[in-house]
Structures are given as C-alpha cells and as structure tokens.
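Each chain, letter by letter, is given below.
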Amino acid sequence: MNRIIKCTIVSLLIVCCAFSLCIPCLADSTFPSEFLTEPTSDMESTVKSLTDAEMSKKHLSLEDVEEYTYDASVYVVEYDVANGFWNSVQTFDYKGITEALIDAKPEATVPVFADLTDENGNTVNRQIADVDIYYSFKNEKYSSRFSIGIMALNPAYVSDSYYLMSYEKIARYLTENQIKAENVFIINYVLNAPGSVAVVKTETDAFILDLTNSAEPKNVQYGDPTARPYSISEYAKLRNATEERTEIINKQNNIQMLTSYMEIFEEKLGWIKYIGHAIALAIVVASLAVFAIIKLRKRSQNKH
C-alpha cells in the first residue's frame, strides 16, 4: 500500500514539474497582439485561412528542416506607415499612436518555429520563417506570402541571439526583462529609412521597442539589430531626426547621380554637340548662299 502511495506521489511530482517547465516555454514564445482598426473576428479568420493555405504549399527552402510548427492564432499585428508618421501623432502616448493609425490597414505575421542544431550539436527552438498576411491595394483584398529567416537556419547562428526574426525578438525581450504586455503591435516604415518598431502596452505605460535600429542614435552602430527600448517621445524625436538626415542624403545622392549622368553624356556623346554645330553652320552658309543667288538674279533682271 505504501509503495502505491509513494508511486502516486512521485508520479504527481513528475507531472507537476513537467507542467511547470512547459509554462515558461509557452510564455517565451507568445504575447498578446490585438487589431486596432478592424473587427477582430474578421481579421482572425482571415489570418487563419490565409496562413493555413500558405503553409499547405510545398516550400523548397524548408526541405532541410525535418519538422516545423506554427499556430495561426499566434501572430503579431502590423501597420505600414510612410515617412513623417510621427509628425501626425498628436500625443506621445499609446492613445496618440493608435489614433494616428486609424486609417491604416492592419496586417499580421504568423511566426514559424523549428528545432535546429547548431555547430556544437545543441538543439535550439528558433523562429525560422514568417507567414505575412498583408493587404494588396492592387487586388483590394488580403493576401499571404512566406519568408525565410536565412540567418536563423545557418548552424553558425542557431545559438546566437544576435540574429532573431521580429516575433522571437519581441518575445525574448519581454521574457528576459519580465515585462507583462497587454498588447503589442509592429509599425513598419515602407519608404525611405526603412525599419520596424514594436509598440508595447503594459498595465501602467507604453514604450517603443526598436527592432532594427530605425532610430539610429549616434552611440549605436548603424547595422546593429539589437532590440532597444525607448520612451515614445524619445523615439519620435530620434526617428524624425533620422528621416530628416535621410532626406538630405537622398537629395545629395540624387544631385550627384544627375551630375554623373551628365558627365557620362558629355564624355560618351559629346561628339553629337560638334555635329550639331556643323549642321547649324551648314544651314547658315546655305541660307547665305541662297540669299546671295536671289540677290544676284534680281540685279541681273533689273539690268535687262
């Protein structure tokens, strides 16, 4: 009898331990992300149907991955904005950002995970791909596409947290810093100075998590993709300065490019200019000759 009781207790302990181990694992890979500008139910069904349809296709780029998983109910909501977005934000808080996005079309990204082996034989669960649900203005409907995290699939970077796709980058940051998010969504810049940031709303505040160094502060190397937190007002100031610098650089580049093209034209096709001068001179000479012949004929007629 005692043996049965002991076995039962041990079994319960094992189940409890296993369950306790699973909870942090799930917390590491998910966070809440709600749509702001569309009925949630409609968008959720759209995301699920398009994701399942996309994943039912054969992706040759995933042939080396023995098994991968995804959950169409686990996604991060995204919004595309143009340069100057932060000038349209009236108040630098969560409400101000959401109000500025009221006319934007919501999109979503569903992460795809797989167990990968690094160079030392260690197995790590990583995000390896995205299923992007985006709005096609040309077709006036939502579509889907599949994108691979090339760096994540490289054994040299499997255990390296430097190269993370957006969903995993956000999840890791929230977990490592013990932040409980109430809502998270991504803002993507689609024109000059591209990049993306996550807007994280907590119970007491909201902040910006820069995913691609889109703020470009002076103390950070340009290509460093480490996720960095900012207050909303601090980030807006840095981003506006970045866009202004980019606009100036683009104008300078355009002028330099135009100058280069003109120099090439002068160098390669400059002979056309001389032909033009010769033709113009010939026309002038011919005109003078015709004029002279006419005058001579008139004089000859007057003498007779």
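This text goes with the structure placed above it.
Report on the accompanying structure. Quantities reported herein were computed from a predicted structural model and do not represent experimental measurements.

**Considering the overall build of the protein**
Thought 1: From N to C terminus, the protein includes 7 helices and 9 strands.
Thought 2: Among the 304 residues that make up the protein, the fraction classed as buried is 35%.
Thought 3: Considering only intrachain contacts with a sequence separation of at least 6, the fraction spanning at least 24 residues in the protein is 60%.
Thought 4: When the accessible surface of the protein is summed, it comes to about 19,600 Å², and 57% of that surface belongs to carbon and sulfur atoms.

**Things to note about the pattern of salt bridges**
Thought 1: Within the structure shown, the criterion is met by 9 salt bridges.
Thought 2: Across the pair R145 and D132 runs a salt bridge, and its minimum N-O distance is 3.7 Å. Remark: D132 occurs in strand β4 (residues 123–136) and R145 occurs in strand β5 (residues 141–148); sequence separation between them is 13 residues.
Thought 3: Look at D132 and you get buried, because its relative accessible area is 14%.
Thought 4: Close ionic contact of E182 with K201 constitutes a salt bridge, the shortest N to O distance being 2.8 Å. Residue E182 is located in the loop between α5 (166–176) and β6 (183–189), and its partner K201 is located in strand β7 (residues 195–201); the two are separated by 19 residues in the primary sequence.
Thought 5: By relative accessible area, E182 is classed as partly exposed at 37%.
Thought 6: Taken together, the shared-partner salt bridges connect R126, E168 and R172 into one network.

**Considerations on the packing of aromatic side chains**
Thought 1: Taken as a whole and judged by the stated rule, the model has 11 aromatic pairs.
Thought 2: A ring pair is formed by F35 and Y75, whose centres lie 5.5 Å apart and whose planes are at 40°; its orientation type is tilted. Pair noted here: F35 is in the loop between α1 (2–29) and α2 (40–55) and Y75 is in the loop between β1 (68–69) and β2 (76–81), with a separation of 40 residues, a long-range link. When sorted by exposure, F35 lands in the same class as Y75, which is buried.

**Things to note about the environment of Y157**
Thought 1: Among the structural elements, Y157 can be located in the loop between α4 (150–153) and α5.
Thought 2: Residue classification places Y157 among the partly exposed positions, given a relative accessible area of 25%.
Thought 3: Considering only alpha carbons, one finds Y157 and T117, 40 residues apart in sequence, at a separation of 9.9 Å.

**A word on the pairing of β7**
Thought 1: Within β7, 6 of the 7 residues are buried, which leaves it mostly tucked inside the rest of the structure.
Thought 2: With 7 bridges joining them, β6 and β7 adopt antiparallel strand pairing. The residue bridging N183 from the neighbouring strand is K201, located in β7.
Thought 3: Taking the residues that link successive antiparallel strands as the turn, the β6-β7 hairpin has 5 residues, and the phi of A193 there is positive, at about 55°.
Thought 4: Taken together, the 5 bridges between β7 and strand β8 (residues 206–210) define a ladder with antiparallel strand orientation. Across the sheet, residue V200 finds its bridge partner in β8, namely F207.

**Observations regarding α2**
Thought 1: The end-to-end C-alpha distance of α2, which contains 16 residues, comes to 22 Å, matching closely the 22 Å that a straight helix rising 1.5 Å per residue would cover.
Thought 2: Looking only at α2, the buried set comprises M43, V47, L50, T51, E54 and M55. Considered in projection along α2, the buried side chains sweep an arc of 125° and stay on one side of the axis.
Thought 3: Contacts from the buried residues of α2 go to β1, β3 (107–117), β4 and β5.

**Thoughts on the nonpolar core**
Thought 1: Ranked by internal contacts, the top residues of the largest apolar core, which has 43 residues, are W86, I97, L101, F185 and I187.
Thought 2: Discounting residues that sit within four places of it in the chain, I97 has contacts with F85, W86, V89, T91, F185, I187, V199, I208 and I232.

Reading the values: the criteria
Residues numbered from 1 in each chain as written. Predicted model: local features only at pLDDT ≥ 70, side-chain atom pairs only at ≥ 80, totals over all residues. Heavy atoms only, no water. Helix = DSSP H or I, 4+ residues; strand = E, 2+ residues; numbered from the N terminus. Buried < 20%, exposed > 50% of the residue type's maximum accessible area, 1.4 Å probe, protein only. Contact = heavy atoms within 4.5 Å. Areas by Shrake-Rupley, 256 points an atom, 1.4 Å probe, with all protein chains shown as cover. Salt bridge = Lys/Arg side-chain N within 4 Å of Asp/Glu carboxyl O. Phe/Tyr/Trp six-rings, centres within 6.5 Å; stacked < 30°, edge-to-face > 60°. Pairing = 2+ DSSP bridges. Expected span 1.5 Å × (residues − 1). Arc of directions from axis to C-beta. Core = buried A, V, L, I, M, F, W, Y, C linked by side-chain atoms within 4.5 Å.

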